[in-house]
Amino acid sequence: MISISPGHWLPGTGAKDIIDEVTEARKVAKRVTEILRATGIAVNYIEDNVSKSQAQNLTYLVSQHNKSTRQFDVSIHFNASAGRQNRGIGTEVLYYDQQTLAAKVSKAMSSATGLIDRGAKQRKKLAFLANTNKAAILLEVCFVNSTVDVAIYKRDFEKLCQAIANELATAVGKSIKEQNVVTNEMKFSSPTLKAETETTLASKICRQIIVDAAIDAGANKSVWQKKLDDGTITDADLLGLSAKVVVGINKKQ
């Protein structure tokens, strides 16, 4: 049994830049919970919607975790640094005394998505890690101010959540059922073309260009712009929209 909670209390109370930490942490925590529960693993999902300050939030989350029956605790966060960055910064996992598990989860997130692996980092003064009474890790999924990190996160949201769930399941002696794994991996005959395509689709600017061009070619604006904005659009969607643009150009000729 595992207890999982997204950090902070309400949207806007965590790091915020290209994306909002609280909003995204809740998405990740909920999806990981769904995957684990579908495999038969008992998960306590804890969310704070009552606190009015950081001190109250930390007290609330620690107390709720400590009240639950579980083998270990997981807190989901997103990181931030100074200023908007047009480079990848990466993913990392913080720990009090669970270095091995933290390193495995950090590596899994990196391997599944291409986010830079910043590894396991010990933090003994963080309230969540220091005061929960079971083994605990705190995930910093990616940097909210990195255009590259955010593009990768949105592109590979499902792969990321599956990777986290796989490692957490392994930690409690279970394995994720194969039918629960969802993948949008594309098959390429050319490694060079694959790399170029992945780089293009990871770019926020390029993704917007594809969607805009598809809308001009007749795609539903309300549907596809919303999918792009909320991060649910897939690489396959973008390639399909690109094909729609080509068809539109051909018709005009």
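In the block above lies the structure referred to throughout.
This write-up is about the structure you can find in this document. (Residues numbered from 1 in each chain as written. Predicted model: local features only at pLDDT ≥ 70, side-chain atom pairs only at ≥ 80, totals over all residues. Heavy atoms only, no water.)

## Details of the pairing of strand β3 (residues 72-79)
Burial of β3 is extensive: eight of the eight residues sit out of reach of the surface. Alternating residues of β3 divide into F72, V74, I76 and F78 and D73, S75, H77 and N79, and every residue in both groups is buried. With five bridges joining them, strand β1 (residues 2-6) and β3 adopt parallel strand pairing. Note on β3: the bridge partner recorded for I4 is V74. Inspection of the sheet shows β3 paired to strand β6 (residues 135-143) by seven bridges, in the parallel sense. Looking across to β6, one finds that D73 is bridged to A136. (Buried < 20%, exposed > 50% of the residue type's maximum accessible area, 1.4 Å probe, protein only. Helix = DSSP H or I, 4+ residues; strand = E, 2+ residues; numbered from the N terminus. Pairing = 2+ DSSP bridges.)

## A closer look at the packing of helix α1 (residues 21-38) against helix α6 (residues 157-171)
α6 packs onto α1 with a crossing angle of 55° between their chain directions and a minimal axis gap of 9 Å. Classified by the angle between their axes, α1 and α6 sit oblique to one another. In this structure, α1 meets α6 at a crossing whose hand is right-handed. Of α6, the residues touching α1 (which contributes K27, V28, R31, V32, I35 and L36) are F157, E158, L160, C161, Q162, I164, A165, L168 and A169. Looking at the contact of α1 with α6, its residues break down into 11 nonpolar, one polar and three charged. (Axes fitted to C-alpha atoms, helices over the stretch in contact; angles between N-to-C directions. Parallel < 35°, antiparallel > 145°, perpendicular 65-115°, else oblique. Left-handed = near helix turned anticlockwise from the far one by under 90°. Contact = heavy atoms within 4.5 Å. Nonpolar A, V, L, I, M, F, W, Y, C, P; charged D, E, K, R; others polar.)

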